[in-house]
Amino acid sequence: MNPLDAQLDALRGSRPPVPHNARTLAALTANPGCDRRALLDAAGVDKDALATHLGLPRPLRSSRLALDHAAAFEHRVTVHGGAELVRLLRKTLGLTIPEVGYDDVNSVGSDSPSPLPLRHAHTRSRILSAAKGTSAPRTLLDHPVLRLTVAGHQVYLEPDVVAFQHHGTFHIVEIKPFAVIDGQADSAKLTAAVTQAAAHVLALQELLADEDLPPERVSDSVILVNPLNFSNRPIATLVNARQKIKSLSRLLGRLRRLPELLDRLPPGTTFDLAAGPDNTPTRPHGELTDALAATRPLYTPGCRQHCDLAFYCRSEARNRGTTGALGTKVRDDTAGIDTTATALALTDGHLHPSRDQADITQALRHAHRVHADLLAGLA
Amino acid sequence: MSLLASLLRMRAATTGNAVPTSQLRHLHLSDRPLMMLPLEQTGPAARPLAVMLGTDPRHPQLLVAPPSGSTAPMLGALAATVTAYIDEHQQRSEQIPAGTNRPARRRYTDAPQILVPNPKTVAYLDRLGRDLRFRPADTDIPAQHGVPRLGQWLTHFADRAEIPGSCALVPLTGFLTMHWITGQSPLEDEDLALLLAWIDPPRDAASGRDAALAAEHPDTHRPAGPATDARFDTEQLAPLFEQYARTTAQPRALQDLERLLAHYLQPTWDLMWQAYTLLHALPEADSTARRWNKERSVFTDFSTYLIQDGRPQAARDQAVSAAVGLARREEATAAFDAERAMDDPFARAELRTAGRAFAGTVTTVDADRCVRPKARRQWRPMLTVSTTDPVSMEPGQLLACHAHRNARYKICDIAPGSATTQVQLEITAGMGPESRPNYNVLPDPGDLLTFTAAPDHYRLPEFPPRNQTPWTHGGPPAEHPDHEGEER
Ligand code: SF4
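Residues numbered from 1 in each chain as written. Chains lettered and ligands numbered in written order. Predicted model: local features only at pLDDT ≥ 70, side-chain atom pairs only at ≥ 80, totals over all residues. Heavy atoms only, no water.

Colleague: What exactly am I supposed to notice about the interface of chain A and chain B here?
Modeller: A common way to report how large an interface is uses the accessible area buried once the components associate. With 51 residues of chain A at the interface, the matching set in chain B holds 58 residues. Both sides of the chain A and chain B interface together cover about 4600 Å² of buried area, and 63% of this is carbon and sulfur. Joining chain A to chain B, the criterion identifies nine salt bridges. The interface formed by chain A and chain B holds 15 residue pairs in polar contact (both at pLDDT 80 or more) in total. Elements represented by at least two residues in the side of chain A that touches chain B include exactly helix H5 (64-93), helix H11 (310-320), helix H12 (328-333), helix H13 (340-347) and helix H14 (358-375) of chain A. (Contact = heavy atoms within 4.5 Å. Buried area = accessible area lost by both parts, 1.4 Å probe. Salt bridge = Lys/Arg side-chain N within 4 Å of Asp/Glu carboxyl O. Polar contact = N/O pair within 3.5 Å; in protein donor to acceptor, adjacent residues only side chain to side chain. Helix = DSSP H or I, 4+ residues; strand = E, 2+ residues; numbered from the N terminus.)

Encoded structure:
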């Protein structure tokens with residue numbers, strides 16, 4: 001085990017790691033500046049379990065109904081050897097081959113306790129033989145397993161489908177249950193889907209590059225399959241993911257400074273929940289909050305949409321009076337000032353502004369005078 | 001949002017209590033609004049789960065859709081209620097004399113107003129309207145005749161909600177935040193329960209902040225829709241849905257579902273009326289009535305359109321209709337901003353912190369000044385205003401002033417001093433005709449006035465006449481046959 005892994009294992013403690021997946025990588029891009037999250041995710045800490053143990057609301061709990069709906073839609077698209085999917089991809093990618101091969105990797109290694117490496121090996125050999133043209137190419141790989149290096153770690157990623165055009169390029173296909181209505185989808189969901197697809201593109205590029213095959217053979221346009229309008233009939237849309245792929249790979253580059261972040265932690269820092277015999281966590285809350293306090297958060301109200309720790313970080317940010325807890329507008333309006341207490345002390349003249357705070361202080365004092373005029377019924 | 005708003009948000013966060021901002025209501029509030037609280041089923045696009053609605057706070061109507069199968073009976077009932085409410089407002093009309101660009105016409109004396117909890121519900125009604133307006137009218141079942149028409153009305157209301165200053169369909173969170181600033185983030189303000197906890201905390205709460213923390217408790221907090229929360233889905237709805245799927249237990253499951261949803265929605269329903277009461281207590285701004293007239297005209301026009309043409313609004317904004325929509329929105333924004341600046345001291349205060357206005361004392365008035373740019377002498381009084389506000393505007397800028405709405409002032413000179421800035425202004429409009437000069441426009445030395453940047457003269461660009469734009473050519477595009485073979 002390399003020293004980095006050992007450090008991360010110690011940080012996580014006795015629980016098995018919660019590996020990164022495309023969703024958590026996508027969430028990282030939503031708040032790339034947060035060291036706390038970068039560390040916890042790299043160590044595979046179960047943030048949901050942590051939040052639950054600390055008695056916090058769980059913002060990211062998933063809805064059974066949403067999961068059922070997603071599964072039903074995916075089933076509809078991939079059932080009967082992917083008949084529906086093949087029809088859609090023929091149209092979108094102009095696949096001309098009359099016979100389209102369909103390979104479901106889901107069943108590979110299903111009786112093994114850890115099927116991911118097996119499924120990955122299977123995926124890898126299928127993709128390589130398709131790329132090298134050594135065998136009749138499998139045109140569709142359902143539930144393949146790819147591997148991406150994240151902060152020196154190998155993480156397994158599971159795209160919905162990889163499609164291969166004969167003598168052509170690979171395409172990542174994502175099957176998503178949110179509707180496209182008159183050509184438009186919910187923008188938050190769309191962004192998340194494309195970011196996840198970007199992670200899969202990077203993983204597939206890594207696979208090809210490892211074999212000295214040109215990574216450009218993975219298309220940076222991804223295919224989203226969604227329900228059309230108010231029906232449950234699927235449509236496929238080719239979406240340009242180039243920007244997302246770029247920003248995700250930049251973010252992964254940043255994660256390489258993980259050792260630096262780890263070194264800054266006090267020795268012995270761990271998020272171990274110390275599960276008792278019946279598996280319930282026994283770790284005193286104070287120790288966990290001390291460990292959290294050793295990591296640097298970057299809280300914004302938007303955290304609630306993508307991070308299990310949002311409620312913890314929010315109360316921390318509120319207690320510290322961090323301006324960002326009040327939203328990006330307040331944070332930007334008081335750029336260069338960290339807390340509301342400082343901003344108000346500067347406004348009320350209890351503090352003297354430093355040189356780079358002079359302009360904003362003047363503006364805040366003016367705003368204060370304007371409000372005083374208003375309350376006095378002047379002007 | 002202005003710097004003033006940011007400052008007040010920080011103050012509220014520090015004291016734990018919301019800060020009142022504008023104390024004048026800029027949107028008309030009906031005496032009989034239709035409160036509407038819809039829930040969307042998690043999963044299928046726009047499929048309704050339930051709607052609580054009505055005009056009487058004590059007797060809401062609850063409509064519940066079955067977990068699977070046809071929603072048409074429920075939507076038929078919804079259409080009946082909404083249509084009856086709209087009909088009430090089409091009973092009386094008044095004669096409007098011809099104006100400069102419109103012939104004489106009739107206008108309904110009242111108009112419907114739908115209040116919903118939050119902006120997401122507005123977006124949901126838009127989607128639902130998009131779904132329903134293209135449904136084929138089911139001629140066999142009279143109770144469902146109104147469904148496509150309901151879709152047209154919902155689309156109309158959702159379109160109006162995009163126009164600043166329109167009060168046809170208003171999200172209550174947005175309405176409340178026009179008048180109060182809380183110590184939480186704008187994102188959290190979109191939660192009606194949290195917002196109201198800050199603004200109007202229960203009497204036993206120590207502060208708005210404490211009330212908001214209590215209101216957030218997962219055991220009692222109800223999101224105001226249209227989405228249900230994951231815990232409710234998993235723990236309450238999913239088992240009932242399963243029960244429903246076992247055909248023998250359907251009626252029981254539906255009854256249980258109704259009871260469950262009534263219980264789930266009731267707290268938010270009460271909050272919506274609490275919000276209404278707070279807003280109703282605010283006095284109307286001067287221009288609110290004028291905007292209400294406009295709203296009634298729009299309502300009358302759309303009612304006429306439905307009778308005379310009645311094709312559903314187009315599925316997607318086409319180039320021309322998108323441009324028309326954008327231009328209308330810009331025009332409405334400019335007009336709304338300008339009117340608020342004239343009506344409301346808080347709006348002016350915000351503009352001062354944004355560098356779009358300054359306030360000061362009139363120091364000198366040259367009442368007799370005349371200029372002679374052409375053959376005729378023109379009366380152009382001058383005044384000097386001394387202000388401590390930073391003046392970031394340039395000479396030549398045209399200003400308006402709340403004291404004389406029709407007057408315009410041109411900045412001639414700005415002379416910054418150590419503590420105050422002297423601004424020289426020429427009055428360029430509002431002096432009346434030469435024969436009957438309006439001396440009222442002249443301020444007195446010592447008057448305290450706020451000057452705001454005058455609204456740009458906004459002219460709606462020319463578009464092809466309405467009957468020649470694709471806007472009226474409704475109907476789903478040929479490649480989108482929505483409802484054929486649909487399984488829902
Ligand atoms: S909630 Fe906390 S840990 Fe999560 S991204 Fe935000 S600041 Fe970082």
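Colleague: When you look at the pattern of salt bridges in this model, what are you seeing that I'm missing?
Modeller: Pairing of side chains with opposite charge becomes possible as their charged atoms draw close. The tally for this structure, following the rule as stated, stands at 48 salt bridges over all chains. The salt bridge involving Arg296 of chain A is made with Asp35 of chain A; its shortest N-O contact spans 3.3 Å. You can see Arg296 of chain A sitting in the loop between helix H10 (285-293) and H11 and its partner Asp35 of chain A sitting in helix H3 (residues 35-43), a full 261 residues away along the chain. Linking Arg9 of chain B and Asp189 of chain B is a salt bridge whose minimum nitrogen-to-oxygen distance equals 3.2 Å. Of this pair, Arg9 of chain B sits in helix H1 (residues 3-15) while Asp189 of chain B sits in helix H6 (residues 186-189); the two residues are 180 residues apart in sequence, bridging distant segments of the chain. Classification of Arg9 of chain B by relative accessible area gives buried; the value is 4%. Judged by its relative accessible area of 4%, Asp189 of chain B is buried. Linked by salt bridges that have partners in common, Arg304, Arg314 and Arg318 of chain A together with Glu188 and Glu216 of chain B make up one network. (Buried < 20%, exposed > 50% of the residue type's maximum accessible area, 1.4 Å probe, protein only.)

Colleague: Explain the packing of H14 of chain A against helix H13 (residues 345-353) of chain B to me, please; I cannot follow it from the model alone.
Modeller: Running from N to C, H14 of chain A and H13 of chain B point in directions that differ by 165 degrees, and their axes come no closer than 9 Å. Taken together, the axes of H14 of chain A and H13 of chain B are roughly antiparallel relative to one another. Along this stretch, H14 of chain A crosses H13 of chain B, giving a crossing that reads as right-handed. Counted together, His366, Ala367, Val370, Asp373 and Leu374 of chain A of H14 of chain A and Pro345, Phe346, Ala349, Arg352 and Thr353 of chain B of H13 of chain B form the full contact between these two elements. Taken together, the residues that form the contact of H14 of chain A with H13 of chain B break down as six nonpolar, two polar and two charged. (Axes fitted to C-alpha atoms, helices over the stretch in contact; angles between N-to-C directions. Parallel < 35°, antiparallel > 145°, perpendicular 65-115°, else oblique. Left-handed = near helix turned anticlockwise from the far one by under 90°. Nonpolar A, V, L, I, M, F, W, Y, C, P; charged D, E, K, R; others polar.)

Colleague: I keep staring at the layout of surface pockets and nothing clicks. Help me out?
Modeller: The rolling of a water-molecule-sized probe over the atoms marks out the regions of remaining empty space. Estimated volume of the second largest pocket: approximately 690 Å³. Around the second largest pocket, the lining comprises 30 residues; the ones closest to its centre are His69 and Ala72 of chain A together with Gln41, Pro44 and Pro67 of chain B. When contributions to the lining of the second largest pocket are tallied by element, the ones reaching two or more residues are H5 of chain A together with helix H9 (230-245) of chain B. Sorting elements by how many residues they give to the lining of the second largest pocket places H5 of chain A first, with seven residues. Tallied by class, the residues present in the lining of the second largest pocket amount to 14 nonpolar, eight polar and eight charged. (1 Å grid on protein atoms, 1.4 Å probe; cavity = no way out; pocket = protein on both sides within 12 Å on 5 of 7 lines; lining within 4 Å. Points joined across faces, edges and corners; volume = space filled by probe spheres on them.)

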